[in-house]
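Descriptive analysis of the structure
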Amino acid sequence: MALFVAGFLLGALGLYYALWRTGGLVPGHFASRTTADLTGAIRAATPAPIATIPFPPTTPTPFTPAGALFETPGVTPTPPVEGEATPPATSLASAFSTLEGRTLAMPVVGAKTLDLRDNFEESRGSRKHEAIDILAARGTPVIAVDDGKIEKIFTSKQGGLTVYQFDADETHTYYYAHLDRYADGLKEGQFVRRGDPIGYVGTTGNAPPNTPHLHFAIFELGPEKRWWEGKPLNPYPFLMKVK
């Protein structure tokens, strides 16, 4: 009988010690928590979503044609200034009526394909983005992605300092926006080669002031060859081919 009582007491003491060591006797221990408590803890431990460019909310505006998304509202675009004649297109450039199969340069010096994020379909207020944003330090050089003519140098409310470049066979427009400044000597009508300087990354226009980046878009031109409009193409798959 004495051995039984002694064994019982030792077992009880051992159980008490184990509960004390594991925190089972402390109020708020997991064994006494409710489902709501555990759900809150899981939510608190969930990592925050990947940061995106914090564009300010925009007021819905009437529909505008594709390619004219960055012009000052109420202003009718003027024909481009006459400039230098475009040299004849190379056989490689004229071989493509679209960009399929064409290799473009990375428009931001030092940017890698791993840095790119496909945000072509994202919303910007009441409209679709229809471009790609490439984040970089302010003042990072921006270069021409292809051979072609500087069709228009334009300052708009939303795009800030912008450049519209036609490709060599004038079937596409390359659009560079939010530039901090233009490359020295850049002018309309100038023919540039792939890799030539266009400008520098900035935050002009409606870009968040603390998030310098290049807004880069591609448009397939219509028969009118208007620099301010065209069919938007997603730049992401073309830039992902850059080595």
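Just above, that's the structure.
Residues numbered from 1 in each chain as written. Predicted model: local features only at pLDDT ≥ 70, side-chain atom pairs only at ≥ 80, totals over all residues. Heavy atoms only, no water.

With respect to the nonpolar core
Soluble globular proteins tend to bury their nonpolar side chains together. Counting 29 residues, the largest nonpolar core has Y174, Y176, I198, F216 and I218 as its most contacted members. Of all the elements in the fold, those that place two or more residues in this core are β3 (132-135), β6 (160-167), β7 (172-182), β9 (197-201), β10 (213-220) and α4 (236-239). Core analysis: the second largest hydrophobic core is formed by 11 residues, Y164, A217, L221 and W228 among them. (Core = buried A, V, L, I, M, F, W, Y, C linked by side-chain atoms within 4.5 Å. Buried < 20%, exposed > 50% of the residue type's maximum accessible area, 1.4 Å probe, protein only. Helix = DSSP H or I, 4+ residues; strand = E, 2+ residues; numbered from the N terminus.)

What about the environment of R193?
Note that R193 resides in the loop between β8 (191-192) and β9. Apart from the residues within four sequence positions on either side, R193 is in contact with A144, D146 and D147. Of note is the side chain of R193, whose polar atom sits 3.4 Å from the side chain of D147. (Contact = heavy atoms within 4.5 Å. Polar contact = N/O pair within 3.5 Å; in protein donor to acceptor, adjacent residues only side chain to side chain.)

With respect to the pairing of β7
Among the 11 residues in β7, eight count as buried, and that is most of the element. Sheet topology note: the β6/β7 ladder contains five bridges and is antiparallel. Residue pairing in the sheet places Q165 in a bridge with Y174 of β7. Following β6, the chain reverses through four residues before pairing antiparallel with β7; E170 in that reversal takes a positive phi of roughly 55°. Of the pairings in the sheet, the one linking β7 to β10 comprises six bridges and is antiparallel in character. Along β10, the bridge assignment pairs A177 with H215. Bridge count for β7 against β9 is three bridges, and the pairing is antiparallel. Bridge pairing in β9 links R181 to Y200. (Pairing = 2+ DSSP bridges.)

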